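# Summary of the model geometry
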Amino acid sequence: MTAGRGRSPAFTVVLTLFAGLLVYLAVPNMGTVIRAARADGTPGVFVPRELFCVQHPGHESCVWTGEFRSADGMTRRDEVEMYGSDRVSHREGEPAPAVDVGAASRVYGPGGSNEWVFTALLFAAALAIVWFLYGGPLRRALGQRSRPAMRARRSASGPGTDTMGQ
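So, here's what we can say about the structure. (Residues numbered from 1 in each chain as written. Predicted model: local features only at pLDDT ≥ 70, side-chain atom pairs only at ≥ 80, totals over all residues. Heavy atoms only, no water.)

The subject of this paragraph is the overall build of the protein chain. Broken down by element type, the protein chain carries 3 helices and 5 strands. Helices (α) and strands (β) of the protein chain occur, in sequence order from the N terminus, as α-α-β-β-β-β-β-α. The 166 residues of the protein chain split such that 27% are buried. The contacts of the protein chain with a sequence gap of at least 6 include a subset with a gap of at least 24, amounting to 60%. Here the protein chain displays about 11,400 Å² of accessible surface, and carbon together with sulfur accounts for 61% of that area. (Helix = DSSP H or I, 4+ residues; strand = E, 2+ residues; numbered from the N terminus. Buried < 20%, exposed > 50% of the residue type's maximum accessible area, 1.4 Å probe, protein only. Contact = heavy atoms within 4.5 Å. Areas by Shrake-Rupley, 256 points an atom, 1.4 Å probe, with all protein chains shown as cover.)

Take a look at the structure:
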């Protein structure tokens, strides 16, 4: 850091690039996660075919893959995952209501999803970084511009016209 002048320019560049990366990760998914949150898409059924599980220390993550068929019969997608599925949520071959929101390899239940939370957090983190880096200079620049206007209003109203105590 420079002596008494704030943070290093390299730190600012790295954080700016990191904020850009977060925006890059969040923005392309916004449409899909908003549609998924609202279950806004093509209704149909998901037919589970295969259960994939991964064991973690003290935890197991599972997801069902299978086929999606739209209610009107116009869309059929193979090898899609059902978001939020687990070992006990489905049985092989038994259709379950689903919605295709346009995600590349995933369909959702009719209740939607909470994926939007993570995307919103990524975007909020990017905004917080940008505000941290550039908010102070922006506030100072805007504050300096508005001060002459505030002084002009005060002088136009004249001394002794403060009505706060009345």
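Moving on, we get to the side chain of threonine 12. Considering the arrangement of structural elements, one finds threonine 12 in helix α1 (residues 9–26). For threonine 12, a relative accessible area of 17% gives the class buried. Setting aside residues no more than four positions away along its own chain, threonine 12 makes contact with Arg7, Leu133 and Tyr134.

Looking now at the state of the cysteines. Counted by the stated rule, this structure contains 1 disulfide. The disulfide partner of cysteine 53 is cysteine 62, and the gap between their sulfur atoms is 2.0 Å. An S-S torsion of about 110° defines the bridge between cysteine 53 and cysteine 62 as right-handed. Looking at cysteine 62, the relative accessible area reads 13%, which means it is buried. (Disulfide = S-S within 2.5 Å.)

With that settled, the discussion passes to the environment of glutamate 115. Relative to the helices and strands, glutamate 115 is located in helix α3 (residues 115–157). As for glutamate 115 and tyrosine 83, which are separated by 32 residues in sequence, their C-alpha atoms are 9.5 Å apart. The residues touching glutamate 115, leaving out its near neighbours within four places in the chain, are Val33, Ala36, Tyr83, Arg106 and Tyr108.

When its volume is computed, the largest pocket comes out at roughly 190 Å³. What lines the largest pocket is a set of 13 residues, among which Asn29, Val33, Arg106, Tyr108 and Glu115 lie closest to the centre. When residues of the lining of the largest pocket are traced back to their parent elements, those giving at least two are α2 (30–38) and α3. The dominant element in the lining of the largest pocket, judged by the number of residues it contributes, is α3, at 4 residues. Of the residues contributing to the lining of the largest pocket, the split by class is 7 nonpolar, 4 polar and 2 charged. (1 Å grid on protein atoms, 1.4 Å probe; cavity = no way out; pocket = protein on both sides within 12 Å on 5 of 7 lines; lining within 4 Å. Points joined across faces, edges and corners; volume = space filled by probe spheres on them. Nonpolar A, V, L, I, M, F, W, Y, C, P; charged D, E, K, R; others polar.)

In this structure, Leu15, Ala19, Leu22, Ala26, Leu122, Ala126, Ile129 and Leu133 together form the largest nonpolar core, which totals 8 residues. When contributions to this core are tallied by element, the ones reaching two or more residues are α1 and α3. Not counting residues up to four positions away in its chain, the partners in contact with alanine 126 are Ala19, Leu22 and Val23. (Core = buried A, V, L, I, M, F, W, Y, C linked by side-chain atoms within 4.5 Å.)

Of the pairings in the sheet, the one linking strand β1 (residues 42–56) to strand β2 (residues 59–70) comprises 12 bridges and is antiparallel in character. The residue of β2 that forms the bridge with valine 47 is glutamate 67. In sequence, β1 turns back onto β2 through a hairpin of 2 residues, with glycine 58 there showing a positive phi of about 75°. With 4 bridges connecting them, β2 and strand β3 (residues 76–82) associate as antiparallel partners. (Pairing = 2+ DSSP bridges.)

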